[in-house]
Amino acid sequence: MIKAILTDIEGTITRITFVKDILFPYAAAHLPDFVRANHAEPAVAEQVTAVRQELNQPTATLDDVIDALLTWIAEDKKITPLKQLQGLIWQTGYEQGDFTGHLYPDAMAFLNVMDAQDIALYVYSSGSVKAQQLLFAYSDFGDVRPLFKNYFDTKVGGKKEPQSYQTILTQLPYHAHEVLFLSDIVEELDAAKAAGMATLQLWRDNQASSEQHRKISDFEQFDSEYLA
Ligand SMILES: CSCCC(=O)C(=O)COP(=O)(O)O
Ligand SMILES: [Mg+2]
């Protein structure tokens, strides 16, 4: 019996193009000035150091760091210091009303129904916890953060690694088989399944699918048997 849902964001409850066409270009446009202006602030300095470590270049200049970050944005790399910095940069965009956090209407309705049925809701995204909370705080449906019990990002590990899901499970009051993981990406679903979770693919964009996971095209197709 499913007691909790762990959901991905991009491609599952949020449109991919919101992330690729709005959030990533905004971060790329503002990142150089943001890093130059704030690199001495502890929250930014920590990420700059982490980029140098990732590059294996302890003496990399700030320009080298910025170049690496812009390349990673262009390549959609899920590298933790990039994701942490993106969250800090998007804050201004949300606060200024440059954009709101996209949520599919069917996803919003689904989350409300699950919450009303006392299914505990958790989030696991490559976007930083700060980025997740901003998207939900400034969503198209207003502040929906009260729906979620907790948030996880790549600080627990990559989304294609079974160990990441095992680490999340140590922080949830549920057995693995009581947690349903939702994602659009087969390799993420494979990893969650290897950790013992139930899985369901959101197959919204004709992406790769697998016989190993049930799939639905939107949450209007969600059947209560997925909670059994
Ligand atoms: C949390 S909003 C930003 C989304 C993001 O940066 C990202 O990389 C999306 O990854 P996901 O794991 O949600 O598919
Ligand atoms: Mg996704």
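Residues numbered from 1 in each chain as written. Chains lettered and ligands numbered in written order. Predicted model: local features only at pLDDT ≥ 70, side-chain atom pairs only at ≥ 80, totals over all residues.

As annotated in an unreviewed UniProt entry, the protein carries the name Enolase-phosphatase E1 and comes from Pseudoalteromonas fenneropenaei. If you open the UniProt record of the protein and go to Sequence similarities (unreviewed entry), you find "Belongs to the HAD-like hydrolase superfamily. MasA/MtnC family." Of the protein, the UniProt comment under Subunit (unreviewed entry) reads exactly: "Monomer." (UniProt positions renumbered as here; feature names shortened; annotations may be inferred.)

Strand order in this open sheet of six strands is β3-β2-β1-β4-β5-β6, and the pairing throughout is parallel. Of all strands in the sheet, those with a lone pairing partner are β3 (150-152) and β6 (214-216), marking the two edges. Strand-to-strand, the axes of this sheet are offset by a mean angle of 25 degrees, without reference to chain direction. Note: strand β4 (residues 179-183) against strand β5 (residues 198-202), four bridges, orientation parallel. Directly across from Phe-181, in β5, lies its bridge partner Thr-199. Packed onto the sheet, helix α8 (residues 186-194) meets β4 and β5 and runs at close to 170 degrees relative to β5. (Pairing = 2+ DSSP bridges. Helix = DSSP H or I, 4+ residues; strand = E, 2+ residues; numbered from the N terminus. Axes fitted to C-alpha atoms, helices over the stretch in contact; angles between N-to-C directions. Contact = placed C-beta atoms within 7 Å.)

In this section: the pairing of β4. Among the five residues in β4, five count as buried, and that is most of the element. Across the two faces of β4 the burial is the same, with Val-179, Phe-181 and Ser-183 and Leu-180 and Leu-182 all buried. Direction of pairing for strand β1 (residues 4-7) relative to β4: parallel, over a ladder of four bridges. Across the sheet, the residue bridging to Thr-7 is Leu-182, located in β4. Once you follow β4 into α8 and on to β5, the crossover reads as right-handed. (Buried ≥ 20, exposed ≤ 12 C-beta atoms within 10 Å, placed from the backbone. Right-handed = clockwise from strand over helix to strand, strands pointing away.)

Let us look at the domain arrangement of the protein. Here the protein is partitioned into domain 1 (4-15 + 101-227) and domain 2 (19-95). Here the C-alpha centre of domain 2 lies 25 Å away from the C-alpha centre of domain 1. Between domain 1 and domain 2, the contact holds 13 residues from the first and 11 residues from the second. Residue composition of the side of domain 1 that touches domain 2, grouped by class: three nonpolar, six polar and four charged. (Domains from an automatic or database assignment. Nonpolar A, V, L, I, M, F, W, Y, C, P; charged D, E, K, R; others polar.)

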